Amino acid sequence: MKIPKNLKKGNKQYKLIKIYPNFALYENIKTKTKETFSKYDLGLIEEAETPRNISPEKVTYL
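Residues numbered from 1 in each chain as written. Predicted model: local features only at pLDDT ≥ 70, side-chain atom pairs only at ≥ 80, totals over all residues. Heavy atoms only, no water.

Colleague: How do you make sense of the overall build of the protein when you look at a structure like this?
Modeller: A tally of helices and strands in the protein yields 0 helices and 4 strands. For the protein, the α and β elements follow one another from N to C terminus as β-β-β-β. For 62 residues, the compact-globule formula gives about 11 Å, and the C-alpha radius of gyration of the protein, at 19 Å, lies well above that figure. Viewed in the frame of its principal axes, the protein has a C-alpha envelope of about 60 × 25 × 15 Å. Of all 62 residues assigned to the protein, the portion counted as buried reaches 18%. Long-range contacts, defined here as pairs at least 24 residues apart, represent 12% of the contacts in the protein between residues at least 6 apart. For the protein, the accessible surface area stands at approximately 5900 Å², while carbon and sulfur atoms represent 52% of it. Each charge class in the protein can be summarised by its mean position, and for the 13 positive and 7 negative side chains these summaries are 13 Å apart. (Helix = DSSP H or I, 4+ residues; strand = E, 2+ residues; numbered from the N terminus. Rg over C-alpha atoms; globule rule 2.2 N^0.38 Å. Buried < 20%, exposed > 50% of the residue type's maximum accessible area, 1.4 Å probe, protein only. Contact = heavy atoms within 4.5 Å. Areas by Shrake-Rupley, 256 points an atom, 1.4 Å probe, with all protein chains shown as cover. Lys, Arg positive; Asp, Glu negative; His and termini not counted. Charge placed at Lys NZ, Arg CZ, Asp CG, Glu CD.)

Colleague: Would you take a moment to explain the sheet that holds strand β4 (residues 34-38) for this structure?
Modeller: The pairing of strands in a sheet comes from backbone hydrogen bonds and takes either a parallel or an antiparallel form. Ordered in space as β1-β2-β3-β4, the 4 strands form an open sheet in which the pairing is antiparallel. Two strands bound the open sheet, and with one partner strand each, they are β1 (6-9) and β4. Ignoring strand direction, the axes of neighbouring strands in this sheet form an average angle of 40°. Pairing geometry for β1 and strand β2 (residues 12-19), over 4 bridges, is antiparallel. Paired with Asn6 across the two strands is Lys15, which belongs to β2. (Pairing = 2+ DSSP bridges. Axes fitted to C-alpha atoms, helices over the stretch in contact; angles between N-to-C directions.)

Function-wise, these values are silent; they only describe arrangement.
Spelled out as structure tokens, the structure:
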């Protein structure tokens, strides 16, 4: 997926300044402050759940 040029997050609007390998630098349009967002924050990567294999012998019951 592509990194969006304009981003609206938390009632704030950002425009893309520069893309780095691990994150993207955005500038707040209103206050001109800069903030970084990772690809996970932008919604480009979803958290992968790994199945946990638990053997019945290791489970203790109270």
